[in-house]
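# Commentary on secondary and tertiary structure
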Amino acid sequence: MKAPLTRQEVAKHASEEDLWVIVDHKIYDLSDFVDAHPGGSVVLTQFAGQDATQAFYNLHRHDVLQKYSGLCIGNVEGEKPEVIDPQPGDLSQVPYAEPLWLTPQFTSPYYNDSHRRLQKAMRVFVETHVTPEAIEKERDGTSISQALIDKMADANILAMRLGPGAHLHNRKLLGGVVDGKDYDYFHDMIVSQELTRHNQRGFQDGNMAGMTISLTAVRQWANDQELRERVTEEVLSGRKKMSLAITEAFAGSDVAGIKTTAQLSEDGKEWIINGTKKWITNGIFSDYFVVGCKTAKGFSVILVPKTDDVEVKLIKTSYSTAAATTYIEFNNARAPRNHLLGEEDKGFVVIMSNFNHERFMMAAMVGRWMRTVLEECLKWSHQRLVFGKPLISQPVIRFKLAKMISLVEANQAWLEQTVYQMNHMPYATQSTHLSGPIGLLKAYATRSAHEVADEATNIFGGRGITQGGMGSVVEMFHRTYKFDAILGGAEEVLMDLGVRQAMKFMPKAML
Ligand code: HEM
């Protein structure tokens, strides 16, 4: 770094070979960067030796400056940078970019110090360890690294993602910021929301999403305690991976229509599984599959280990193959008899009870994604100049932002109200009283996402449909929000479920 230089000094470096610019009171030597600049050399030469702050922020995200901080050679004499340089763990100061409970001017009855400690620790962890890999994997489409899985296992992030329970007792959560016994559904919500902040939708699912919806079934429904504890230990330590294999080419939300069969072998010692499964998140690298099968008189759920009789193929969907979405063929695959989860022919309840937590996590994640998109729109509409004025000076843009803010805050408020109920209702009662509201909440979140994606893309214009650069978060959201509208139960199915659940509690003599 050079000692502070005057603007007159900077102005002397005004050629393509010797090119300095000022951005936010800092001086950048772009002489060696000109040819590598994605926007080309011409635009840079036009600003050589000058203050390019306004032009820069009209076209770039601030994090470009963080990424290229090595080009910065010093500050302008007597001036101080004005733009905030976010550091890992920082809360955003953009209005509505954080939920109210993380905004200093507001209070909330729901959160205590351990929630705040966990939020802070999760944010630092995600920004330091998860985001860099998420960006890389989303781009190259390969699966999550064992190194990151190990880090998450060590910090007990894998364990926390199953939600509260005995599996957390005696574990040090993120270096001890929360006692495992105190971990509740607000902690759970925080983990989900912070983990989604890398904004890489395919990787988000590639990051052990399969485990979060399948190990829960083993924990709750395994009849053999030794099996339950062994599989829990293998998976939460990161040594083994697993996924939930219910949907098929033949049946999606209509679980009852699946065609994969499970029959007991002649000696009665093993299940023999035949059939296919489609859209199985993380299937490609799974060691275990929680499989929905047709059995003699109904539907059963079985934990099937990966063997040579289980063939897996990657499916290309509209997000990155980093999600490891898989087509699976079970060709006389075998699982020991004690791998049955729940009761034979009564597997429907196993699947249904497992859905609540999955849908709750999805509503939390979509809510957080929408908030990030809103933050991007607020930043962009302040920095982008159109017709000589910032975009935000257009009433039509403020109208769009108002709609987005309302949707984001309504979702978070409903989510928190639901989480409070989850904390105060026994798990068994939750299926009766909360599966309907949670289904409606998830459907509302994704309908809101539809609106937010639409408005945000229009605000960003061409950048909203361009991968990478300024509009990358909005482009990714617009391209991928539908995953949440379909996975874990399609919107129509969940809306219907919500109303049918309410119908059960309609008093008879109400008219
Ligand atoms: C520190 C100085 C600069 C750095 C490190 C830098 C870096 C970048 C990067 C990484 C991109 C790719 C898109 C993105 O990630 O946003 C880009 C695009 C671009 N840059 Fe720069 N840039 C700098 C200064 C400037 C200046 C002063 C101008 C002058 C107008 C400029 C004009 C452009 C243009 C026109 C694009 C293409 C944007 C688009 O298609 O949306 N850049 N720049």
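The rules we used
Residues numbered from 1 in each chain as written. Predicted model: local features only at pLDDT ≥ 70, side-chain atom pairs only at ≥ 80, totals over all residues. Heavy atoms only, no water. Core = buried A, V, L, I, M, F, W, Y, C linked by side-chain atoms within 4.5 Å. Buried < 20%, exposed > 50% of the residue type's maximum accessible area, 1.4 Å probe, protein only. Contact = heavy atoms within 4.5 Å. Axes fitted to C-alpha atoms, helices over the stretch in contact; angles between N-to-C directions. Helix = DSSP H or I, 4+ residues; strand = E, 2+ residues; numbered from the N terminus. Parallel < 35°, antiparallel > 145°, perpendicular 65-115°, else oblique. Left-handed = near helix turned anticlockwise from the far one by under 90°. Nonpolar A, V, L, I, M, F, W, Y, C, P; charged D, E, K, R; others polar. Salt bridge = Lys/Arg side-chain N within 4 Å of Asp/Glu carboxyl O. Donors = N, O, S within 2.8 Å, 3.2 Å for Na, K, Ca; no water. Tetrahedral: all angles 85-135°; square planar, octahedral: opposite > 155°, others 65-115°. Pairing = 2+ DSSP bridges. Near = heavy atom within 4 Å. Polar contact = N/O pair within 3.5 Å; in protein donor to acceptor, adjacent residues only side chain to side chain. Domains from an automatic or database assignment. Phe/Tyr/Trp six-rings, centres within 6.5 Å; stacked < 30°, edge-to-face > 60°. Lys NZ or Arg CZ within 6 Å of the ring centre and 35° of its normal. Arc of directions from axis to C-beta.

## Considerations on the nonpolar core
In globular proteins that are soluble, nonpolar side chains generally tend to be buried together. Among the nonpolar cores identified, the biggest contains 73 residues, and Leu118, Leu174 and Met242 are the most heavily contacted of them. Not counting the four nearest positions on each side in its chain, methionine 242 is found in contact with Gly210, Met211, Ser214, Leu215, Val218, Val231, Val235, Ser286, Tyr288, Val290 and Leu303. In terms of nonpolar packing, the next biggest core, distinct from the first, is built from 29 residues, Val373, Leu401, Ile459 and Tyr481 among them.

## Focus on the packing of helix H12 (residues 348-383) against helix H13 (residues 395-424)
With their axes 10 Å apart at the nearest point, H12 and H13 run at an angle of 155° to one another. With respect to H13, the element H12 is oriented roughly antiparallel. The handedness of the crossing between H12 and H13 comes out as left-handed. Contacts from Phe360, Ala363, Ala364, Met370, Arg371, Val373, Leu374, Cys377, Leu378 and Ser381 in H12 reach Ile397, Leu401, Met404, Ile405, Val408, Glu409, Asn411, Gln412, Leu415, Val419 and Met422 in H13. Of the residues that constitute the contact of H12 with H13, the class distribution is 16 nonpolar, 3 polar and 2 charged.

## A short note on the environment of asparagine 170
Looking at the element boundaries, asparagine 170 is found in the loop between helix H7 (157-160) and strand S4 (172-173). Considering only alpha carbons, one finds asparagine 170 and asparagine 112, 58 residues apart in sequence, at a separation of 21 Å.

## Examining the pattern of salt bridges
This model, assessed by the stated rule, comprises 28 salt bridges. The residue arginine 123 makes a salt bridge to glutamate 194 at a minimum N-O spacing of 2.9 Å. Residue arginine 123 is located in helix H5 (residues 113-140), and its partner glutamate 194 is located in helix H8 (residues 185-195); the two are separated by 71 residues in the primary sequence. The residues arginine 123 and glutamate 194 share a single accessibility class, namely buried. Members of the salt-bridge network, linked through shared partners, are Glu98, Arg123, Glu194 and Arg368.

## A short note on the coordination of the iron atom of the ligand
Ideal values differ by geometry: the angle at a metal is 109.5 degrees with four tetrahedral donors, but 90 or 180 degrees with six octahedral donors. Distances from the iron atom of the ligand to its protein donors, His37 (NE2) and His60 (NE2), fall at 2.0 Å. Classification of the site at the iron atom of the ligand rests on its 6 donor atoms, whose angles at the metal span 84 to 179°, yielding the label octahedral. Placement of the pair is histidine 37 in the loop between strand S2 (26-29) and helix H2 (41-46) and histidine 60 in the loop between helix H3 (53-57) and helix H4 (63-67), with a sequence separation of 23 residues. Of the two residues, histidine 37 and histidine 60, neither departs from the other in class, the shared state being buried.

## Let's talk about the pairing of strand S8 (residues 270-281)
Summarising the sheet, strand S7 (residues 261-264) and S8 pair through 4 bridges and their orientation is antiparallel. The partner of threonine 261 across the bridge, within S8, is asparagine 274. Connecting S7 to the next strand, S8, in antiparallel fashion are 5 residues, including glycine 268 with a positive phi near 75°. Of the pairings in the sheet, the one linking S8 to strand S12 (residues 325-336) comprises 10 bridges and is antiparallel in character. Bridge assignment links isoleucine 272 to a residue of S12, and that residue is arginine 334.

## Re the site of the ligand
Around the ligand, a shell composed of 20 residues is seen, among which His37, Pro38, Leu44, His60 and Arg463 lie nearest. Note that a nitrogen atom of the ligand is positioned 2.7 Å from one of the side-chain N or O atoms of histidine 37. A distance of 3.0 Å separates an oxygen atom of the ligand from a polar atom in the side chain of arginine 463. For the shell around the ligand, the secondary structure elements donating two or more residues are H2, H3 and H4. Tallied by class, the residues present in the shell around the ligand amount to 15 nonpolar, 4 polar and 1 charged. Counting the residues that make up the shell around the ligand, at least three belong to each of domain 1 (7-75) and domain 4 (352-504).

## Concerning the packing of aromatic side chains
Per the stated rule, a full pass over the model turns up 15 aromatic pairs. Ring centres of tyrosine 110 and tyrosine 111 lie 6.5 Å apart, and the angle between their planes is 85°; on these two criteria the pair is classed as edge-to-face. Looking at tyrosine 111, the relative accessible area reads 9%, which means it is buried. Between tyrosine 111 and phenylalanine 186 the ring centres are 5.1 Å apart and the planes differ by 65°, which places this aromatic pair in the edge-to-face class. With tyrosine 111 in the loop between strand S3 (72-75) and H5 and phenylalanine 186 in helix H8, this pair connects stretches of sequence that are 75 residues apart. Here the aromatic cluster, defined as three or more aromatic residues joined through ring pairs, consists of Trp101, Tyr110, Tyr111, Phe186 and Tyr420. Cation over ring: arginine 359 sits above phenylalanine 355, and NZ or CZ is 4.0 Å from the ring centre.

## Some remarks on the environment of glycine 89
Tracing the backbone through its elements, the reader meets glycine 89 in the loop between S3 and H5. By relative accessible area, glycine 89 is classed as buried at 3%. Considered as a pair, glycine 89 and glutamine 119 are 30 residues apart in the sequence and their alpha carbons are 8.9 Å apart. Ignoring any residue separated from it by four or fewer positions in sequence, one finds glycine 89 in contact with Lys120, Arg123, Val124 and Glu127.

## Examining helix H6 (residues 146-154)
When H6 is considered as a whole, its buried residues turn out to be Leu148, Ile149, Met152 and Ala153. Looking straight down H6, one finds its buried side chains confined to an arc of 140°; they lie on one side. Count one or two residues on from H6 and you reach asparagine 156, which has phi positive near 65°.

## Examining unusual backbone geometry
The backbone of histidine 25 shows a phi angle near 65°, a positive value even though the residue is not glycine. Within the secondary structure, histidine 25 sits in the loop between strand S1 (20-23) and S2. Note on histidine 25: relative accessible area 17%, which makes it buried. Even without being a glycine, alanine 324 presents a positive backbone phi close to 55°.

## Examining the domain arrangement of the protein chain
One can read the domain layout of the protein chain as domain 1 (7-75), domain 2 (113-230), domain 3 (240-346) and domain 4 (352-504). Using C-alpha coordinates to define each centre, domain 1 is positioned 55 Å away from domain 3.

## Brief notes about the packing of H8 against H13
Running from N to C, H8 and H13 cross one another at 140°; their axes reach a closest spacing of 8 Å. By the criterion of interaxial angle, the relationship of H8 to H13 is oblique. Within the contact between the two elements, H8 uses Tyr185, Phe186, Met189 and Gln193 and H13 uses Gln412, Leu415, Glu416, Val419, Tyr420, Met422 and Asn423. Counted by class, the contact of H8 with H13 contains 7 nonpolar, 3 polar and 1 charged residues.

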